[in-house]
Amino acid sequence: MGAPLGKAAIVGFLVVVITFVLGKAVLGNPGRLVLGPTALQEAVDQFNAALGLDRPVLVQFGDYLGDLLRGDLGESFAYTGTSVWDIVRPALGVSALLALLTVVVSAVVALVAGTAAAMTRTRGVDYAIRGVSLSALSTPAPFVSLLFILLLAVNTRVLPAGGWPERMVERGPYLVLPVAALTVGLAPILLRVVRERALVQLEEPHIEAALARGLPARRVLTRHVLPNCAGPLVIVTAMNMGTLLSGAVVVEIVFGLPGLGRVLAAAVGSSDIPVIQAVALVAGLLVTLCNVAAELVQRWIDPRLRS
Amino acid sequence: MTDVDLRNLSLEPRASVPERTPGQRRRNKRWWRGLALERSVGVAVLVATAAAAILVPIISRHDPNALVAVPMEPPSPLHPFGTDELGRDLMARVFTALRVDLGITLATVGLCLLVGVVYGTVAGLSPAWLRQIMQRFVDALMAIPYLILVLAIVAIARTAEFGFLPAGIGAMVLALAITGWANYARITAAQVQILSQRESVAAAQLLGYSRVRIVVRHMLPSVIGPSLALAGSHAVLVAAAAASLSFLGAGVVPPTAELGAIMHGGTPLLATAWWISVFPGIAIVVMGLGFSLIADSRSNRP
């Protein structure tokens, strides 16, 4: 229990260090950047002094860390007076929802198709799965999104091509294509894990014994094979959270969902450094959390790891 | 898993790294001997892609940046991929862009491989406390989703007073490399750590070989394999990331032809001129498939 948590704490701290370095050490003069080249030097100095940006770097890091521990991510450069957290928080919710739905859908697809593929075990199925998953992995998120829009929204008008209604109940259809686009990226990775695990499992003597005792195949599958696929599935899902969130950035922008990706793109456009920093930080901490959670879940699933 | 194979019973801890002596490496150079169908297809696809990219001027008579026809003209014998939103020949642009993307991908993967293997080797040979810190740093770098980190680096580098990165392709390669080397370092460190406990390494030390010689001649040949295998799948990721970056408007500077940028140009016209977005998309998929097939055949090798 302790080791993964300690490790995650160190990683989390280093994520904070990296985002700090991103924002502070590289940036030349934030006051000049925000106020523009025509601003008076006094105004620039005043801006920097107000934000404490004229102090030594280590002192600034202390401030940054202290603010973070108090839950204060700073103030946006682009929208003066607005706290970064107020910009990032609603977006984080949308991105997290998108990621969660994608993980669930991908896991279901992977478990069903993966075990089916492991059980048929014919060359044709094997090649088909490898072919489809390789093609899916080679297709970048923006192209997948555009293809979905082209096929299902422009040509047939089955689903909305993008947008995000105010009312929560109406949002369902607007999530279908984004989740589908992200699933194309995640499901093949998980499918291969499940298939390989299931293939190993099916060779085991205890499966043969269970079948010999007359247990129905479905019960053998759900009670003996699938639980053993769950551990690796959880770990690989967590390992791919970063890739998933990267894809989400693109997908959110293409489909117009107000998630972290949209916030980040807007911040990149307006050089809103505190927001860029905050998005990187929040995403990094989220992935770290997912990794440690996956490790703990795996220990809970697989008693052999609890030593 | 459950049954014990008596042949594998030994007092030595089993390591997963196949050991290769310098002589063996020479024999293994004849890599084409076990050439799987998958890999030959992958290599063929990549060679064809590269050839198309290099031979653009011969394949297409049009200048990729010149306005040669009416905007948004559908595919025709004169313009096989149609024309883009400004009336430039799309085929010339896609093949030119392929050259740009292939270059970005290879440069990034090369840089990552170099930095990652060096960092991983140093980490693997370091004392435990230092190795821990170096590995946690790698973990932290990998925790931040790469596209977010790349976007942040590009955005922040652009705003730096003297712009330490040039706009466009150079910035993209550097940002992609800064975020991409971590996985190589992680793998290499683990391999080096296992290998440094080998008897052959101890023997080499007893023979009085220098540290550098032991690392370069006795460890690196075995250590580099998994990193090379990773390079294939990493290339797919980099190609996608480069296209995504330009698609989001943070990559190349117009009018540079880049697959993601061309695709982005066609996005608002999807309903009327699908070809502008679809052809560059297909080009990325084909390039990615070439890399994927090679990576896959490597990882499936017995």
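Conventions adopted
- Position labels on residues start from 1 in each chain and follow its written sequence.
- Each chain is given a letter, starting from A, and each ligand a number, starting from 1, according to the order in which they appear as written.
- Confidence filtering applies because this is a predicted model: local features only for residues at pLDDT of at least 70, side-chain atom pairs given and counted only at 80 or more, and all residues used for totals across whole chains, interfaces and linings.
- Only hydrogens and water are set aside when side-chain values are computed; all heavy atoms of the structure are taken into account.
- In this description, contact between two residues means that some pair of their heavy atoms is separated by no more than 4.5 Å.
- When two components associate, each loses some accessible surface as probed by a 1.4 Å sphere; the sum of these losses over both components is called the buried area.
- Polar contact criterion, stated in full: a pair of N or O atoms within 3.5 Å, where within protein one must be able to donate a hydrogen and the other to accept it, and residues adjacent in sequence count only if both atoms are side-chain atoms.
- Runs of E in the DSSP output that reach at least two residues are strands. Runs of H or I that reach at least four are helices, and both are numbered from the N terminus.
- Residue polarity follows a fixed list, in which Ala, Val, Leu, Ile, Met, Phe, Trp, Tyr, Cys and Pro are nonpolar, Asp, Glu, Lys and Arg are charged, and the others, Gly among them, are polar.
- Domain start and end points were adopted from an automatic or database domain assignment.
- The axes are straight lines fitted to the C-alpha atoms, using for helices just the contacting stretch, and the angles between their N-to-C directions are given from 0 to 180°.
- Note on convention: the crossing is left-handed when the near helix lies turned anticlockwise from the far helix by less than a right angle, right-handed when the turn is clockwise.
- Multiplying 1.5 Å by the residue count of a helix minus one yields the expected span of that helix.
- A simple rule labels every residue: compare its accessible area, found with a 1.4 Å probe on the protein chains alone, to the largest value its type can have, and call it buried under 20%, exposed over 50%, or partly exposed in between.
- Each patch groups residues whose relative accessible area exceeds 30% and which form no salt bridge, using 9 Å between like charges and 5 Å between nonpolar side chains of Val, Leu, Ile, Met, Phe, Trp and Tyr.
- Surface exposure here means Shrake-Rupley accessible area, sampled with a 1.4 Å probe, where a residue is shielded only by the protein chains that are shown.
- Should a side-chain nitrogen of Lys or Arg be within 4 Å of a carboxyl oxygen of Asp or Glu, the pair is scored as a salt bridge.
- Convention used here: angles under 35 degrees read as roughly parallel, angles over 145 as roughly antiparallel, angles from 65 to 115 as roughly perpendicular, and any remaining angle as oblique.

Q: Can you break down the interface of chain B and chain A residue by residue, with the values?
A: Residue-level contacts link 49 residues of chain B with 49 residues of chain A. Of the roughly 4,200 Å² buried between chain B and chain A, counting both surfaces, carbon and sulfur atoms make up 80%. It is Arg136, Ile148 and Ile156 of chain B in chain B that bury the most area against chain A; as a group they hold 15% of the surface buried on that side. Scanning the region where chain B abuts chain A turns up three residue pairs in polar contact (both at pLDDT 80 or more). For the side of chain B that touches chain A, the secondary-structure elements that each account for two or more residues are α5 (128-143), α6 (146-159), α10 (211-247) and α12 (275-299) of chain B. Across the side of chain B that touches chain A, the residue classes break down as 34 nonpolar, nine polar and six charged.

Q: Before we move on, can you summarise the domain arrangement of chain A with the specific residues and values?
A: Residue and element names in this part refer to chain A. One can read the domain layout of chain A as domain 1 (2-72) and domain 2 (88-306). Taken over both partners, the interface formed by domain 1 and domain 2 buries close to 1,100 Å², and the fraction arising from carbon and sulfur atoms is 79%. Our count for the contact surface shared by domain 1 and domain 2 stands at one residue pair in polar contact (both at pLDDT 80 or more). Of all the elements in the fold, those that place two or more residues in the side of domain 1 that touches domain 2 are α1 (2-23) and α4 (57-69). Per-element accounting of the side of domain 1 that touches domain 2 gives the leading share, 11 residues, to α1. Of the residues contributing to the side of domain 1 that touches domain 2, the split by class is 12 nonpolar, three polar and no charged.

Q: How would you summarise the packing of helix α4 (residues 90-125) of chain B against α5 of chain B if you had to cite specific residues and measurements?
A: When two helices pack together, their arrangement is given by the angle between their axes and by how far apart the axes lie. All names here are of chain B. Contact pair α4 / α5: the axes reach a minimum separation of 8 Å and the direction vectors enclose 145°. α5 is crossed by α4, and the crossing has left-handed handedness. Each of Tyr119, Val122, Ala123 and Gly124 in α4 lies in contact with α5, whose residues at this interface are Arg131, Met134, Phe137 and Val138. Along the lines of polarity and charge, the residues of the contact of α4 with α5 split into six nonpolar, one polar and one charged.

Q: So what about helix α11 (residues 241-255) of chain A? Which residues, and what values?
A: Helical periodicity: at 3.6 residues per turn, an α-helix aligns residues three or four positions apart in one direction. With 15 residues, α11 of chain A should reach 21 Å at 1.5 Å per residue; the first-to-last C-alpha distance of 20 Å fits that figure. Counting buried residues along α11 of chain A, 13 of its 15 residues qualify, which places the element largely inside the surrounding structure.

Q: Describe a nonpolar patch on the surface, naming the residues involved and giving the relevant values.
A: All names here are of chain B. Together, Leu111, Leu114, Val115, Val118, Val122, Leu174 and Ile178 give the surface a local cluster of nonpolar side chains, amounting to about 550 Å² of exposed area. Elements with a contribution of two residues or more to the nonpolar patch: α4 and α7 (169-180). Top element by residues in the nonpolar patch is α4. It accounts for five residues. Relative to the assigned elements, Leu114 resides in helix α4. Since its relative accessible area comes to 57%, Leu114 is described here as exposed.

Q: Lay out the pattern of salt bridges with the relevant residues and their values.
A: Counted under the stated rule, the structure contains three salt bridges over all chains. Linking Arg70 of chain A and Asp67 of chain A is a salt bridge whose minimum nitrogen-to-oxygen distance equals 3.4 Å. Where Arg186 of chain B meets Asp139 of chain B, a salt bridge forms, and the shortest distance between an N and an O atom there is 2.6 Å. Taken together, the positions of Arg186 of chain B in helix α8 (residues 182-195) and Asp139 of chain B in helix α5 put the pair 47 residues apart, joining distant regions of the chain. Sharing partners across several salt bridges, the network here consists of Arg136, Asp139 and Arg186 of chain B.

Q: Lay out the packing of helix α5 (residues 84-120) of chain A against α11 of chain A with the relevant residues and their values.
A: All names here are of chain A. Following both chains from N to C, one finds α5 and α11 inclined at 120°, their axes separated by 10 Å at the closest point. It follows that α5 is oblique to α11 by the angle criterion. Relative to α11, the crossing made by α5 is right-handed. Facing Ser95, Leu98, Ala99, Thr102 and Val103 of α5, the residues of α11 in contact are Met241, Leu244, Leu245, Ala248 and Glu252. The class makeup of the residues in the contact of α5 with α11 is seven nonpolar, two polar and one charged.

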